[in-house]
Amino acid sequence: MKPTRRQLLYGSGAAALGAALSPFAWDAVKPKKPIPGAIVGANSAFGHRLREGAFPPPIDSGQHEVIIVGSGIAGLSAAYNLDKAGVTDIRLLELEDHSGGNAHSGHNAVSAYPWGAHYVPLLSSESGHIKELFRDFGIITGEDKGLPVYNEDYILNDPDERLFIDGRWQEGLLPTLGVTAEDQVQYKRFLAHMEAFKIERGRDGRRLFAIPIDESSADAETRALDRLTMKNWMLSAGYTSEPLHGFVDYGCRDDFGVRHDEISAYAGIHYFAGRDGKAANTAPDSVLTWPEGNGFLAHKLAAPLSNRIISGALVYSVRETSGGVTVDYWDGHTSRRLTARAVIMAAPRFIAGRLMPELAAPGFTYAPWVVANLTLDKLPEGRGADLAWDNVIKDSPTLGYVVATHQIPQMQPLRTVITYYWPLTHAAPAEARKEALARSYEDWQRLFLSELYRVHPELVGQVRHMDVWLWGHAMIRPVPGFIWGEPRQAALKQTPPVFTAHSDMSGISIFEEAYTHGLKAAQAVRAFLA
Amino acid sequence: MQRLLLISVFVIATCGLIYELIAGTLASYLLGDSITQFSTIIGTYLFAMGIGSWASAKVDKNLLAFFIRIEILVGLIGGSSAAILFLLFDQVASFRFLLYFIVTVIGILVGIEIPILLRILKDRYEFKDLVSRVFTFDYIGALFASILFPLVLVPHLGLIRSSFMFGTFNVLVALWLLYSLKEPQPWVRLHKIAAGLVLIILTFGFISSDKITSLSESNNFAGHVIFAKSTPYQRIIVTRQQNDIRLYLNSNLQFSSQDEYRYHEALVHPVMSALKAPKNILIIGGGDGLALREILKYPSVGHVTLVDLDPAMTKLFSSSPMLRKLNTDSLHSPKLKIVNADAFMWLKQQRANPPIFDAVFIDLPDPSNFSIGKLYSTAFYGLLHSVMGPDSLAVIQSTSPLVARQSFWCVNNTLRASGFQTAPYHALVPAFGDWGYVIASNRPYTVPTQYPAGLRFIDADTARDMFSFPPDMGPVATKIQRLDDQALIHYFDEEWSKYLIY
Ligand SMILES: Cc1cc2nc3c(=O)[nH]c(=O)nc-3n(C[C@H](O)[C@H](O)[C@H](O)COP(=O)(O)OP(=O)(O)OC[C@H]3O[C@@H](n4cnc5c(N)ncnc54)[C@H](O)[C@@H]3O)c2cc1C
């Protein structure tokens, strides 16, 4: 689909129009009445309470075999696997009013939609332990010629991604318009480089970049990559192309919420080289997704546990005593104490450290993210390429938006929900977090809508509802030295009867890591109980 | 001066009626149903003239200057009315409102003119002469216009140009009056300037008429647009030129009434005649009722389910008398159940308790984008399997194997990959080109040798020939159209964009 001259002319006109939509034009297009919606989620009042730390003495509220603090993917995984193995006397304590953590999702009359995690790649060669789960959930439906057959409903539909550049859309995320022959050569070389990394194995026979990350080769040369930033590694490897850097930076912000000049080269390469999954019925680079994103997985994991999840429960203290481990939580009215033989801390490490000082881990830093869900009365359009699942806007501070109805085979849904992702990478995390917390709903509305209207003037007046979610500590930041450095290695050590399970222990926040930590913790707890 | 004023009565009458006729014709072109359009336009126009006559009594001072002003205004508005209506047909939400608004304004202005003229002339004639002369010229002008319009203006000048031309006549009368005034009046200069400006605008419009026509949508189609509607799903346009009725969806031709029988007979009969006694039929797409018309030629048919996304389509083709004639009123058949739903979602919903159809006709738009491409995928054909028994047959319209060879064989190969046996064939449909179809079945298909009487295109020989492909359209290996990799969309885009006539 080469652009014609006319498309190009039209395109540049549209770009000029977009550029003009500065604060000035905002006044012209801003809704007369604010679009209904709110800042939702992440119980910040509770979080605040935790920092202040003054809770009344707890009432004794019973005893269980295992208590799990936090019901994100890691906590749910631990509970699910314990339950399956017959350890059924468990309770999950969750501070939010729902389980799922960063894989939380919402729904309205138009569609279900994600609030955080929204896809998983095909399972990597090291993820055999997740295959069983995927079979249980109907995600893998069989096997053909030794390769898993994935449920067609969940394989990402075509077109997967498009990029808004110079006023028009193109298929794929690597810019093809207005790039030089040298850029193209570097694209090719870079992608081939990553493909080579994908299959390369170290002296220990393990892949250099594996998922889960702790299955990776221990080769020193590869691990040395963890001490460089991605940008510096690219430059040292001769990658100078500006659009290529833009593409890689996008990938790093997308997967880790960290810019490519701040992230470890090991993590940056891991994003491209870790996913070596294959399937009988789709291309290797396919991903799995659902309208509600990874909320699908969270719901499936939570289904058999629902009566054992205690939500609205802020755990504020975990202590080892002679009679077991005590877990104190605040339910909004009362402090309560549960006692267990073993506890799995499935909250992020920076919180775990507050509940139990022994678990404090100073090297852990987190990226703040903002996510907005917009309900639209009309599908986004655009010249050059059809609406895709992932719609990326070049040089935008946001990552663009994902379309919730994309997996619905309906020919033309008339309404949809789009999810805008925005890792706040323009400033240091603490500063960006503070700035974000100070913003009002109206501020967010102005920011997101002017971003939307710049690219989609046809959507002015078509936004029915908009909610915003602020993830203050969305993802662990794999800055240089973190993945293969001391603090993370220390955090991996389990200290029975208190165990830990969270994706931040991997240094990269993805479903497979969270699930694996949950599964491992469940196995360790069973061994401990036995 | 008197004579001049009487000539202006003639010009006014002619121009006035021309504007009215232009509005009526445009309305029937653009909105269809000429009887309603003409009668409401004439009614509105006459009523507006009445308002004008009534309003003329409010004018007391300087009647001549007022008359000239009105004349210039009529020239401007009437003269550009056709261009405005053409250009805004597609743009304004309520085109009818604009139409009647313009007709009313012109009517009021013309309605003011005659009484004012009568009053200007009242001192120069006796009353009975005055009335007789003015009305004589008025009626002659009307007759002149009504003959000129169909015989000369529409065929030779076109509506837009005619309208600009008559606008200039109005203004020329005004200028003529201005220049023939004996005693110099202070207001004359400004009026001359105004008239001059309007004259320039109208002349410019006259010269650019072709450009204006090409800007307007109705020119994108052969013939006159007789129906146009934007639904949430598509833009439906029906055009007519003499006996040729055409349907366009999003500007893509769906059929021409001249040769649609070829397309629909080829779509329907190779399947229907191959079945013993087909009872239960499913049509996907085909809201025009034309495939249905062919299907209903088989007395064994008991139930037909027609799944078409857009209620506007089935409504249009079951209500317009002209289109009902074309589909022989098939959409009112008691055997028919219309389901306005997305075919993919509808088939998915049937999965729990799938009905079995003896024959399935998939008559969807070409796979030109990712949305429609879903209905050509292995996933869709998987669902198709679930509503077919061992002896059922399905047929899929599959674009042109000549223009889009890979696209055509991609449909065929995708059906095979979905577990069907296939029998591809093609037929020449002049409005489209050499067109392709694929029959999908669970058992080997044999081309029938017996067909219903009275078909115009299909018989045993034609049918047999349809299943052989010359070398330039023969089978090619292709990728498979899957939801996660819509190869067909890329083939289609590439192949048709190379084909210039598209
Ligand atoms: C915006 C965003 C997009 C993402 N996109 C993807 C993606 O597309 N694919 C992907 O694989 N991953 C993605 N991720 C990463 C995602 O974080 C992981 O996939 C995974 O969901 C993390 O699970 P977890 O259990 O390790 O952590 P969390 O989800 O952080 O779970 C921790 C849980 O502990 C609870 N908790 C915390 N403190 C307490 C307390 N004191 N008392 C009680 N409960 C407490 C929290 O409420 C939460 O439910 C994304 C993350 C975000 C934020």
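Everything numeric here is computed off the predicted structure, so don't read it as measured data. The numbers attached to residues start from 1 for each chain and follow its sequence in the written order. Labels follow written order: the first chain is A, the first ligand is 1, and so on. It should be noted that, the model being predicted, local features are given only for residues of pLDDT at least 70 and side-chain atom pairs only at 80 or more, the latter also being counted only at that level, while totals for whole chains, interfaces and linings use all residues. The side-chain quantities take in all heavy atoms of the structure and omit both hydrogens and water.

**A closer look at the sheet that holds strand β2 (residues 235–241) of chain B**
All names here are of chain B.
So, point 1. Two strands qualify as a pair provided DSSP detects at least 2 bridges between them. Where helices and strands are cited, they refer to DSSP runs of H or I of at least four residues and of E of at least two residues respectively, numbered from the N terminus. What the four strands build is an open sheet, ordered β1-β2-β3-β4; its pairing is antiparallel. The sheet is open, and its two edges are formed by β1 (224–230) and β4 (252–256), each paired on a single side. Geometrically, the sheet is characterised by an average inter-axis angle of 20 degrees between neighbouring strands, direction not taken into account.
So, point 2. Of the strand pairs in this sheet, strand β3 (residues 244–249) and β4 are connected by four bridges, and their pairing is antiparallel. Note on β4: the bridge partner recorded for Leu 249 is Asn 252.
So, point 3. Two residues form a contact once any of their heavy atoms are found within 4.5 Å. Throughout, an axis means a line fitted to C-alpha atoms (over the contacting stretch in the case of helices), and angles, computed between N-to-C directions, take values from 0 to 180 degrees. Strand contacts of helix α11 (residues 311–319): β1, β2, β3 and β4, with the helix running at about 25 degrees to β2, the strand carrying the most contacts.

**Considering unusual backbone geometry**
So, point 1. The step from Asp 158 of chain A to Pro 159 of chain A runs through a cis peptide bond, and the omega angle for that step is -5 degrees.
So, point 2. Structurally, Pro 159 of chain A can be placed in the loop between β8 (147–150) and β9 (161–165).
So, point 3. Of note, the bond from Pro 496 of chain A into Pro 497 of chain A is cis; its omega dihedral lies within 30 degrees of zero at 5 degrees.
So, point 4. Phi is positive for Thr 328 of chain B, which is not a glycine, with a value near 45 degrees.
So, point 5. Mapped onto the elements of the fold, Thr 328 of chain B is located in the loop between α12 (321–326) and β7 (336–339).
So, point 6. In this scheme, a residue with accessible area under 20% of its type's maximum is buried, one over 50% is exposed, and one in between is partly exposed, where area comes from a 1.4 Å probe on protein chains only. For Thr 328 of chain B, a relative accessible area of 55% puts it in the exposed group.
So, point 7. In this structure, Asp 329 of chain B is a non-glycine residue whose phi angle is positive, near 60 degrees.
So, point 8. For Asp 329 of chain B, the location among the structural elements is in the loop between α12 and β7.

**As for the packing of helix α5 (residues 127–157) of chain B against helix α6 (residues 159–180) of chain B**
Residues and elements named next belong to chain B.
So, point 1. Two elements in contact, α5 and α6, have axes whose closest approach is 7 Å; the angle formed by their N-to-C orientations is 115 degrees. The handedness of the crossing between α5 and α6 is right-handed. Facing α5, whose interface residues are Leu 148, Phe 149, Leu 153, Val 154 and Leu 157, α6 presents Leu 159, Arg 161, Ser 162, Met 165 and Phe 166.
So, point 2. Across the contact of α5 with α6, the residue classes tally to eight nonpolar, one polar and one charged. Each crossing gets its hand from how the near helix is turned against the far one by less than a right angle, where anticlockwise is left-handed and clockwise is right-handed. Polarity classes work like this: nonpolar for Ala, Val, Leu, Ile, Met, Phe, Trp, Tyr, Cys and Pro, charged for Asp, Glu, Lys and Arg, and polar for all others, with Gly in that last group.

**Structural notes on the nonpolar core**
Residue and element names in this part refer to chain B.
So, point 1. Joining through side-chain atoms within 4.5 Å is the link that ties buried Ala, Val, Leu, Ile, Met, Phe, Trp, Tyr and Cys residues into a set, and such a set is a nonpolar core. Of all hydrophobic cores here, the largest spans 70 residues; its most connected members are Leu 5, Phe 67, Ile 68, Ile 116, Leu 121 and Val 134.
So, point 2. Discounting residues that sit within four places of it in the chain, Leu 5 has contacts with Leu 64, Phe 67, Leu 117, Ile 120, Leu 121 and Leu 177.
So, point 3. Counting residues in hydrophobic clusters, the runner-up holds 57 residues, among them Ala 291, Ala 312, Met 313 and Phe 467.

**Some thoughts on the UniProt feature "binding site: spermidine" (unreviewed entry) in chain B**
Residue and element names in this part refer to chain B.
So, point 1. Within the UniProt annotation, "binding site: spermidine" (unreviewed entry) is assigned to His 264 and Asp 288. Taken along the chain, the residues just named run across 25 residues; in space they keep tight, none of their C-alpha pairs more than 11.0 Å apart.
So, point 2. Within the fold, His 264 resides in helix α9 (residues 260–272).
So, point 3. The buried category is assigned to His 264, whose relative accessible area is 1%. UniProt positions are given in the numbering used here, feature names are shortened, and annotations may be inferred rather than shown by experiment.

**Remarks on the domain arrangement of chain B**
So, point 1. Taken domain by domain, chain B consists of domain 1 (2–207), domain 2 (219–254) and domain 3 (258–497).
So, point 2. Throughout the structure description, domain borders are defined by an automatic or database domain assignment. Here the C-alpha centre of domain 2 of chain B lies 32 Å away from the C-alpha centre of domain 1 of chain B.

**Overview of the environment of Trp 469 of chain A**
So, point 1. Relative to the helices and strands, Trp 469 of chain A is located in strand β20 (residues 463–476).
So, point 2. Distance from Trp 469 of chain A to Val 287 of chain A, taken between C-alpha atoms, is 24 Å for residues 182 residues apart in sequence.

**Comments concerning the confidence of the model for chain A**
So, point 1. Known as pLDDT, the predictor's confidence for each residue is given on a scale from 0 to 100. Scored by pLDDT, chain A has a mean of 92; 94% of the residues are at 70 or more.
So, point 2. Within the model, the stretch residues 1–23 of chain A combines pLDDT values under 50 with 24 contacts to residues more than four positions away or in other chains.

**Quick notes on the UniProt feature "domain: Amine oxidase" (unreviewed entry) in chain A**
So, point 1. Annotation from UniProt places "domain: Amine oxidase" (unreviewed entry) at residues 73–525 of chain A.
So, point 2. This span, residues 73–525 of chain A, is 30% helix and 24% strand, and a straight line between its end C-alpha atoms measures 17 Å.

**Let's talk about the site of the ligand**
Residues and elements named next belong to chain A.
So, point 1. The full set close to the ligand counts 35 residues, and Ala 74, Glu 94, Asn 102, His 502 and Phe 511 are the nearest of them.
So, point 2. Ala 74 is positioned such that a nitrogen or oxygen atom in its backbone is 2.7 Å from an oxygen atom of the ligand.
So, point 3. What qualifies as a polar contact is a pair of N or O atoms within 3.5 Å, subject to a donor-acceptor requirement within protein and to the restriction that residues adjacent in sequence count only when both atoms come from side chains. Here a nitrogen atom of the ligand and a backbone polar atom of Tyr 119 are 2.8 Å apart.
So, point 4. Here the accessible surface of atoms and residues is derived via Shrake-Rupley with a 1.4 Å probe, and residues count as covered only by protein chains that are part of the display. When the free accessible area of the ligand is taken as 990 Å², the share hidden by the protein chains comes to 96%.
So, point 5. Listed by contribution, the elements that provide at least two residues to the shell around the ligand are α4 (73–84), β3 (90–94), β13 (314–321), β16 (366–376), β20 and α16 (511–529).
So, point 6. Residues belonging to the shell around the ligand are distributed by class as follows: 22 nonpolar, eleven polar and two charged. We call a residue near a molecule or strand when any one of its heavy atoms sits within 4 Å of it.

**What to know about the packing of helix α6 (residues 181–199) of chain A against helix α10 (residues 265–273) of chain A**
Residue and element names in this part refer to chain A.
So, point 1. Relative to each other, α6 and α10 sit at 85 degrees, their axes nearing to 8 Å. Comparing their axes, α10 and α6 come out roughly perpendicular. Between α6, through Phe 190, Met 194, Phe 197 and Lys 198, and α10, the contact on the second element is made entirely by Ile 269, Phe 272 and Ala 273.
So, point 2. For the contact of α6 with α10, the residue count by class is six nonpolar, no polar and one charged. In this scheme, roughly parallel covers angles under 35 degrees and roughly antiparallel covers those over 145, while 65 to 115 is roughly perpendicular and the rest are oblique.

**Considerations on the interface of chain A and chain B**
Bring the parts together and some accessible area is lost; that lost area is often taken as the interface size.
So, point 1. Facing the 21 residues of chain A at the interface are 22 residues of chain B.
So, point 2. Once two parts are brought into contact, the accessible area they lose, counted with a 1.4 Å probe and summed over both, makes up the buried area. When the buried area of chain A at its contact with chain B is split by residue, Asp 158, Pro 409 and Met 411 of chain A rank highest and sum to 35% of it.
So, point 3. Should a side-chain nitrogen of Lys or Arg be within 4 Å of a carboxyl oxygen of Asp or Glu, the pair is scored as a salt bridge. Here chain A and chain B share one salt bridge between them.
So, point 4. With a shortest N-O distance of 3.6 Å, Asp 153 of chain A and Lys 348 of chain B are connected by a salt bridge.

**Some details on the pattern of salt bridges**
Residues and elements named next belong to chain A.
So, point 1. Under the definition given, this model contains 36 salt bridges over all chains.
So, point 2. Across the pair Arg 207 and Asp 276 runs a salt bridge whose closest N-O atoms are separated by 3.2 Å. Taken as a pair, Arg 207 in the loop between α6 and α7 (220–224) and Asp 276 in the loop between α10 and β11 (287–289) lie far apart in primary sequence, 69 residues in all. Summarising the burial analysis for this pair, Arg 207 and Asp 276 share the class buried.
So, point 3. A salt bridge links Asp 395 to Lys 394, with the nearest nitrogen and oxygen atoms 3.4 Å apart.
So, point 4. Asp 395 sits in the exposed class, given a relative accessible area of 68%.
So, point 5. Of the residues examined, Lys 394 reaches a relative accessible area of 22% and is grouped as partly exposed.
So, point 6. One network of salt bridges, with partners in common, ties together Arg 259, Asp 261, Glu 262 and Arg 477.

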